[in-house]
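Below, each chain spelled out in residue letters.
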Amino acid sequence: MQEERFREYIRRFNTEDDTAFDDYLAPDMHMKNGTLEFTGVDGMKRHYLDLIWPDFVERLAVPRFVSDDHRAAIQMNTVFTAKHDAEESLFGPVRKAETFEFDGVIMYEIDETGRFSDILVAYNSFVHTDRDGNSRDLGIPH
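Described in the following lines is the structure provided in the data block. As the structure is a prediction and not an experimental result, all values here were calculated from the model. Position numbers for residues count from 1 along each chain, tracking the sequence in the order it is written. In view of the model being predicted, local features appear only for residues whose pLDDT reaches at least 70, and side-chain atom pairs are presented and counted only at 80 or more, with totals across whole chains, interfaces and linings using the full set of residues. Excluded from the side-chain calculation are hydrogens and water; included are all heavy atoms of the structure.

1. Comments concerning the pairing of strand β5 (residues 99-110)
Stage number 1. By this definition, two strands are paired if DSSP reports at least two bridges between them. Strands are runs of DSSP state E lasting at least two residues, helices are runs of H or I lasting at least four, and both sets are numbered from the N terminus onward. Of the pairings in the sheet, the one linking strand β4 (residues 71-82) to β5 comprises 11 bridges and is antiparallel in character. Across the sheet, residue Ala73 finds its bridge partner in β5, namely Met107.
Stage number 2. The turn linking β5 back onto strand β6 (residues 116-129) is made up of 5 residues, and Gly114 within it adopts a positive phi angle of 85°.

See the structure below:
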């Protein structure tokens, strides 16, 4: 996969454009993110449309990218910012403006159509910062 194509996926993701999943994911794709696993484009859409984007603004940054025709690997930095107070969210109770920062590596398997068929997420850190600026590493959130 060419880096420009991948960065277009990230740009669309950052605007919460769920049609990017249709364009970039194989219909039967598999995702493993800690203990969280799901399959299919519908699984990815449910995860983001129902569990992430209602409660968080999520912004991805990709400082490093490598690929060939069958795989891509990236260093990913992601910041989730709580949109509002919520007693329940994917990350537990949150207050508006709190952040969760992910730093890790993601491996993408690419099928013959140029879509992601498998996504494996590996964590270096996942840090919660409350509204008072207190930070703590949460380990793997899923």
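Now, onward.
2. Points about the environment of Phe102
Stage number 1. By the element assignment, Phe102 lies in strand β5.
Stage number 2. When accessible area is computed with a 1.4 Å probe and restricted to protein chains, residues below 20% of their type maximum are described as buried, those above 50% as exposed, and intermediate ones as partly exposed. The exposure class assigned to Phe102 is buried, which follows from its relative accessible area of 7%.
Stage number 3. Note: C-alpha distance between Phe102 and Phe126 (24 residues apart in sequence) is 4.5 Å.
Stage number 4. Contacts between residues were defined by any pair of non-hydrogen atoms, one from each residue, lying within 4.5 Å. Apart from residues lying up to four places away in sequence, Phe102 is in contact with Met76, Asn77, Thr78, Phe80, Val121, Ala122, Tyr123, Ser125 and Phe126.

3. Notes on the packing of aromatic side chains
Stage number 1. A pair of aromatic rings is counted whenever rings of Phe, Tyr or Trp (Trp by its six-membered ring) have centres within 6.5 Å, and the orientation is called stacked for planes under 30 degrees apart, edge-to-face for over 60 and tilted otherwise. Per the stated rule, a full pass over the model turns up 25 aromatic pairs.
Stage number 2. An angle of 50° between the planes, with centres 5.1 Å apart, marks the rings of Phe56 and Phe91 as tilted. Residue Phe56 is located in strand β3 (residues 56-67), and its partner Phe91 is located in the loop between β4 and β5; the two are separated by 35 residues in the primary sequence. Considered together, Phe56 and Phe91 belong to a single accessibility category, that of buried residues.
Stage number 3. Each residue in the set Phe6, Tyr9, Phe13, Phe21, Tyr24, Tyr48, Trp53, Phe65, Tyr108 and Phe116 is aromatic and connected to the rest through ring pairs, giving one cluster.

4. Here's the deal with the side chain of Asn33
Stage number 1. Along the chain, Asn33 turns up in strand β1 (residues 25-33).
Stage number 2. Overall, the relative accessible area of 12% leaves Asn33 in the buried class.

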